[in-house]
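Structural overview
The lines below spell out each chain.
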Amino acid sequence: MVTTTVTVFKEPDFDVSSIEVNEAGTPCNHGDLCCRPNLVWSRIKVRAVCLALKEFLNIFITFPSHHGIQRIKEGFYAIAGFPNVLGCIDCTHIQIQAPPGPVERDFVDRRNNHSLNVQMICDSELLITNIEAKWPGGVHDARILRESHLAQRLAQGGFEGVLLGDRGYPCLPNLLTPYPEPRAAAEAAFNNALSATRARIEMVFGLLKSRFQCLKYLRRAPDRACDIVVACAVLHNIATIRRERLPQLLPEDRWEEPAPVQEPRDGRILRNLYRDTYFF
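Residues numbered from 1 in each chain as written. Predicted model: local features only at pLDDT ≥ 70, side-chain atom pairs only at ≥ 80, totals over all residues. Heavy atoms only, no water.

Scanning the protein for helices and strands turns up nine helices and seven strands. Here the protein holds 280 residues, and 48% of them are scored as buried. For the protein, long-range pairs separated by at least 24 residues make up 68% of all intrachain contacts whose partners lie at least 6 apart in sequence. As displayed, the protein offers around 14,100 Å² of accessible surface, 51% of which is attributable to carbon and sulfur atoms. (Helix = DSSP H or I, 4+ residues; strand = E, 2+ residues; numbered from the N terminus. Buried < 20%, exposed > 50% of the residue type's maximum accessible area, 1.4 Å probe, protein only. Contact = heavy atoms within 4.5 Å. Areas by Shrake-Rupley, 256 points an atom, 1.4 Å probe, with all protein chains shown as cover.)

Evaluated as defined, the whole model comprises 12 salt bridges. Linking R198 and D90 is a salt bridge whose minimum nitrogen-to-oxygen distance equals 3.1 Å. Highlighted residues: R198 in helix 7 (residues 185-211) and D90 in strand 3 (residues 85-95), separated in sequence by 108 residues. A residue is classified by how much of its surface remains accessible, and R198, at 9% relative accessible area, is buried. Of the charged contacts, one joins E132 and K134 as a salt bridge, the two residues approaching to 3.9 Å between their closest N and O atoms. (Salt bridge = Lys/Arg side-chain N within 4 Å of Asp/Glu carboxyl O.)

This next bit is on the packing of helix 2 (residues 46-54) against helix 8 (residues 222-241). Where helix 2 contacts helix 8, the two axes come as close as 8 Å, and the packing angle between them is 60°. Here helix 2 lies oblique to helix 8, going by the angle between them. Between helix 2 and helix 8 the crossing geometry is left-handed. Touching R47, C50, L51, L53 and K54 of helix 2 are R224, D227, I228, V230, A231, V234 and L235, all from helix 8. Tallied by class, the residues present in the contact of helix 2 with helix 8 amount to eight nonpolar, no polar and four charged. (Axes fitted to C-alpha atoms, helices over the stretch in contact; angles between N-to-C directions. Parallel < 35°, antiparallel > 145°, perpendicular 65-115°, else oblique. Left-handed = near helix turned anticlockwise from the far one by under 90°. Nonpolar A, V, L, I, M, F, W, Y, C, P; charged D, E, K, R; others polar.)

With respect to the helices, strands and loops of the structure, T277 is situated in helix 9 (residues 265-278). Here T277 falls in the partly exposed class, since its relative accessible area comes to 38%. Expressed as a C-alpha distance, the spacing of T277 and A186, which sit 91 residues apart in the sequence, is 9.8 Å. Separated by 2.7 Å, the side chain of T277 and the backbone oxygen of L273 make a polar contact. (Polar contact = N/O pair within 3.5 Å; in protein donor to acceptor, adjacent residues only side chain to side chain.)

The following block contains the structure:
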């Protein structure tokens with residue numbers, strides 16, 4: 001059942017409530033093949049597999065990583081010389097069918113599509129280390145982070161290190177973002193190193209949607225779509241840990257950054273400290 005579900009997730013268009021498959025585990029598209037009398041058809045409940053995979057969420061997706069913190073920081077530092085990094089954070093939109101009722105407008109994103117806005121954090125080895133898959137597409141990235149359990153843990157000082165994000169997030173004592181308008185060589189160097197390092201999360205999004213092309217468009221209700229996204233994230237980490245062959249990357253549809261948010265003073269102070277210490 002799990003093997004068939006993974007095969008189904010790889011398809012760009014499917015009905016995830018149930019899939020008919022032949023005895024070889026190949027999904028049926030109700031074409032001529034269905035009429036062959038020598039095939040045995042069974043009904044696979046993909047929903048059950050999604051829920052089963054969710055049970056492994058805290059085993060396969062853990063922050064800051066399965067690896068030791070020092071290994072995480074060294075991996076990120078090797079990319080572009082940015083020190084003390086625990087993870088890269090960003091959001092990606094997963095298009096869904098329009099939900100009925102008054103909540104419909106909440107899911108309309110900046111491109112006027114209905115979507116989920118899913119936040120993820122990754123390490124330098126392309127493992128997903130945190131996921132928030134419950135927010136409508138109309139919600140700003142900064143709000144998703146602000147209301148997450150991880151934000152509370154970071155604010156309590158439970159980790160020694162920083163996240164890297166784009167300008168859709170505020171610059172915080174635990175989350176560094178680029179200088180909006182770099183005026184000095186050190187600020188440009190800071191931005192370049194941050195951008196090169198943060199590209200890891202964009203690579204994760206590309207890999208995830210290439211492995212599981214159903215994520216291009218989920219024709220399901222929001223709650224069911226969230227479960228599928230989490231299941232795919234768990235499977236992505238299993239494949240990464242097992243060093244499975246990488247799929248051919250599909251070009252990721254690049255979004256413009258969300259509207260910049262106000263930057264607190266303590267975040268700007270830390271950013272300047274990094275600039276003056278490591279990028280002078």
